[in-house]
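Fold and geometry: a report
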Amino acid sequence: MTSERGSPFYDALGRVLERLGTSLQSFCPPCDTVARRVLEEYGAMFVAEGVRVPPVCVFGDAAEVHAFQREATWRAAVFGDATVELQPAALEALVAAREDTRALGLDITARGGAEAGRRGFDDSLRLWRSRCDPALEHWCARGELTTEEAERLRGLGLREQVAAVLELEDRGVFFSKDLTKSILYSVAAPGASQHLAMLAFDAAEFRDARVRDVLARRGWFQTVRSDLPHFTFLGLTERELPARGLRRVETDEQVFWIPNTKAVNRES
Ligand SMILES: [Zn+2]
């Protein structure tokens, strides 16, 4: 269990929530362990600058997402063969990044069509099921789960289902696409995707270090470990990130900026 007080991420988040006029208690209740886990996996976007961030750590339903998106507003541009929608500042920075890459003879295009940018709640639900259902079938076939257990899990409410999946993963029954890691590194828990906040973009060119450099210089960083094509608009320079409670992690030869939830020990 991580400490809320004295960790760089929760300190930075606390300042953001104060500006929003809310508290950590109502934003992401400590008793909701799934929401907390999700916050610590995808929470980097909450320290973004110059954009709106959601007033809750996990959206509860389509209506909440709708209300947030309408208030934050979005703009559209064509990337490759897809029309991508993002919060205005995020889109502007992405278009500028694309100009930068073109000057280098490169390009930035959307991966996976329009879903590379703004998504709705139902999209996040469908993506969740696209990982969950095959994994359940696989683990049943392998004898790790009984059909009754799988049925019970399918019938759970959304929050309970996420909790049940994470519990199974604790004993090595993984739900990512390749079934070797947590589902959270494969798709977001429904309601928690940064794409719902219109601050995320999946880039087809994510393997090109030059493209990643250009994106970072325009405020776009990788913030979800193992989700390689996924970039988050933070509107900050790389040097500013540690002071915003993010720490640098290198995985798969790429750099990720994730919530730094390690408590700073001030006692000894
Ligand atoms: Zn993404």
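**Let's talk about the packing of helix α5 (residues 88-103) against helix α9 (residues 209-217)**
- One way to put it is that α5 packs onto α9 with a least axis distance of 9 Å and a crossing angle of 140°. Taken together, α5 and α9 sit at an angle that is classed as oblique. Judged by the sense of rotation from one axis to the other, the crossing of α5 with α9 is right-handed. Across the interface between the two elements, Leu 94, Ala 97, Asp 100 and Thr 101 of α5 pack against Val 211, Val 214 and Leu 215 of α9.
- Of the residues belonging to the contact of α5 with α9, the class tally is five nonpolar, one polar and one charged.

**Some thoughts on the domain arrangement of the protein chain**
- Taken as a whole, the protein chain is organised into domain 1 (8-119 + 193-259) and domain 2 (121-185).
- Contacts between the two partners involve 18 residues from domain 1, matched on the other side by 13 residues from domain 2.
- When the two sides are added together, the surface that domain 1 and domain 2 hide from each other amounts to roughly 1400 Å², 57% of it contributed by carbon and sulfur.
- For the interface between domain 1 and domain 2, the tally reads two salt bridges.
- Between Arg 126 and Glu 115 there is a salt bridge; the shortest N-O distance is 2.4 Å.
- Across the domain 1-domain 2 interface, the total number found is four residue pairs in polar contact (both at pLDDT 80 or more).
- Looking at the side of domain 1 that touches domain 2, the element that brings in the most residues is helix α3 (residues 33-42), giving four residues.
- The residue inventory of the side of domain 1 that touches domain 2, partitioned by class, reads eight nonpolar, two polar and eight charged.

Calculation criteria
Residues numbered from 1 in each chain as written. Predicted model: local features only at pLDDT ≥ 70, side-chain atom pairs only at ≥ 80, totals over all residues. Heavy atoms only, no water. Axes fitted to C-alpha atoms, helices over the stretch in contact; angles between N-to-C directions. Helix = DSSP H or I, 4+ residues; strand = E, 2+ residues; numbered from the N terminus. Parallel < 35°, antiparallel > 145°, perpendicular 65-115°, else oblique. Left-handed = near helix turned anticlockwise from the far one by under 90°. Contact = heavy atoms within 4.5 Å. Nonpolar A, V, L, I, M, F, W, Y, C, P; charged D, E, K, R; others polar. Domains from an automatic or database assignment. Buried area = accessible area lost by both parts, 1.4 Å probe. Salt bridge = Lys/Arg side-chain N within 4 Å of Asp/Glu carboxyl O. Polar contact = N/O pair within 3.5 Å; in protein donor to acceptor, adjacent residues only side chain to side chain.

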